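If you want the building blocks of each chain, they are given just below.
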Amino acid sequence: MAAPNPNPNFSTIPLLDYALATDPAHRPAFLHHLRHALINVGFLYLAHAPVDPAPLLAHIPRFFALPPEEKARIAMRRSPHFLGYTAFGAERTRGAVDRREQLDFATPHASRWRAGDPEYYNLWGPSQWPGEGALPGFREVAERYLAEVQALGYAFARLVSEALGLGPEGLDKFYDEPELMQHRAKIVKYPVVEENASDDQGVGAHYDAGFLTFLLQASEHQGLQVQNLTGDWIDVPPIPDTFVINIGKALEFVTQGVARATSHRVKYPRGTTPRYSVPFFQNIGLHSVLPDMQLQFPEEILELAEVRGQVSKTDSVNFTEFDREPSGQVNLIGRVKSHPDVGQIHYPALFAKYFPDGLPAEAEAY
Ligand SMILES: O=C(O)CCC(=O)C(=O)O
Ligand SMILES: [Fe+2]
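Here, residues in each chain are numbered from 1, in the same order as that chain's written sequence. Key to labels: chains lettered from A, ligands numbered from 1, both in the order written. The model is predicted, so local features are restricted to residues of pLDDT at least 70 and side-chain atom pairs to those at 80 or more, both for listing and for counting; the totals for chains, interfaces and linings are taken over all residues. Working from all heavy atoms in the structure, the side-chain values ignore hydrogens and water.

Per an unreviewed UniProt entry, the protein carries the name Fe2OG dioxygenase domain-containing protein and comes from Schizophyllum amplum. What the UniProt record of the protein gives under Sequence similarities (unreviewed entry) is the line "Belongs to the iron/ascorbate-dependent oxidoreductase family." UniProt positions are given in the numbering used here, feature names are shortened, and annotations may be inferred rather than shown by experiment.

For the rest of this paragraph, the subject is the packing of helix α2 (residues 27–41) against helix α5 (residues 138–163). For helices, the fitted axis covers only the stretch in contact; all axes are lines through C-alpha atoms, and the angles between them, taken along N-to-C directions, range from 0 to 180 degrees. Put simply, DSSP marks the helices as runs of H or I at least four residues long and the strands as runs of E at least two long, and each gets a number from the N terminus on. For the pair α2 and α5, the least separation of the axes is 9 Å and the interaxial angle reads 85 degrees. When the interaxial angle is binned, α2 and α5 end up roughly perpendicular. Here R27, F30, L31, L34, R35 and L38 of α2 come into contact with α5, specifically with F156, L159, V160, E162 and A163. When grouped by side-chain class, the residues that make up the contact of α2 with α5 number eight nonpolar, no polar and three charged. Working rule for angles: under 35 degrees goes down as roughly parallel, over 145 as roughly antiparallel, 65 to 115 as roughly perpendicular, anything else as oblique. We call two residues contacting when some pair of their heavy atoms lies within 4.5 Å. Residues were grouped as follows: Ala, Val, Leu, Ile, Met, Phe, Trp, Tyr, Cys and Pro as nonpolar; Asp, Glu, Lys and Arg as charged; and all remaining residues, including Gly, as polar.

Around the iron ion (ligand 2), the donor atoms from the protein are H206 (NE2), D208 (OD) and H264 (NE2), and they sit 2.1 to 2.2 Å away. Each donor residue of the iron ion (ligand 2) lies on one chain, and together they are spaced H-x1-D-x55-H. Of this pair, D208 sits in the loop between β8 (201–206) and β9 (212–217) while H264 sits in strand β13 (residues 264–267), placing them 56 residues apart in sequence. Type-normalised accessible area, obtained with a 1.4 Å probe on protein chains alone, sets the label of each residue: buried when under 20%, exposed when over 50%, and partly exposed for intermediate values. With relative accessibility at 6%, the residue D208 sits in the buried group. Its relative accessible area of 6% is what places H264 among the buried residues. For Na, K and Ca the donor cutoff is 3.2 Å, while for all other metals N, O and S atoms must lie within 2.8 Å; water is not among the atoms, so some sites may look incomplete.

Inspection of the secondary structure assignment puts L295 in the loop between β14 (275–282) and α7 (299–308). Sequence separation between L295 and L166 is 129 residues, and the spatial gap between their C-alpha atoms is 8.4 Å. Once residues lying within four places of it in the same chain are set aside, the contact partners of L295 are L166, G170, L171, K173, F174, V254, T255 and Q256.

A separate point is the site of ligand 1. The near set for a molecule or strand comprises every residue that places at least one heavy atom within 4 Å of it. For ligand 1, the full set of nearby residues is R100, K186, Y190, H206, D208, L215, H264, V266, R275, S277, P279 and F281. Shrake-Rupley sampling with a 1.4 Å probe provides the accessible areas, and residues are treated as covered by the protein chains on show and by no other component. When the free accessible area of ligand 1 is taken as 300 Å², the share hidden by the protein chains comes to 96%. Looking at the shell around ligand 1, the elements with two or more residues in it are β7 (184–190), β13 and β14. Among the elements that line the shell around ligand 1, the one with the most residues is β14, at four residues.

See the structure below:
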């Protein structure tokens, strides 16, 4: 592993080896590199994670090749939980249509909401799956993948906590009991566009909402980019057998910016084959009200954040409500903004608040 760059701005993304974290002789060096990645970059590659993505990788093209009517049967519009299939062009980020097709799924749960509960309890509920006859084994493979990344997520959060000088359990208070947690993942297809297409937004510049995102770049395409400390866009090319891990807005908020949420986007793939990816979004407890849960850091960590300094303005503006709303509500607002057609059906009051002029013909979110 290369030594951390003494200059905190970055032009490449650090690569960490998970095998070192579990080896007592190398663990301090691993934590040292992790600290640098968390404070100065907000993104990292992780090699040798204990997750086998191969079965899921094999199913991804098969899912997207299903007949449109099979995918429409499990449309996200049918789900108050924002789980299910989103057709090409139906999602929005920062006022522009995202040119991708996707299936959102989550930790298996029954619907949680009961009369009188906060509306965001409704984020919990069953995922929608294609018929077993249409795509044998897919549900099992996707759920196993989710469970494996979920376990990695909890283990990795403890390393993050230790790297930030909080001890391994410093972030535990943000998670409810495992059976009261919901994490989300999706499989995404960015189809091929014509060489001369005018618009190249796969997904517009944004932050992720939760604590940590574990992204599997599931094809060989370059497309993901992150914004560095001076606001320049840096490529994050796929590296085989790695995850890309990034910090979400909730973790940035509770660390008062010591750990960075990094603005990122996906440029549309050129070429002859689609780009595939699988982001997994690790959430925190739905009730967490973050201003009441700020973390206190040792002096040496605060000094590192000071050396890094303030990050220049980025192109991303989403998830600004953590200063006043419980985490579940922040997530719900984000979902309504990026899937207004689903919000209009299931959350008419929130939809009216964020889309006072009705459903945007071509984008109005973020
Ligand atoms: O597809 C990717 O590589 C990243 C997608 C992403 O950033 C997201 O869905 O939040
Ligand atoms: Fe993202």
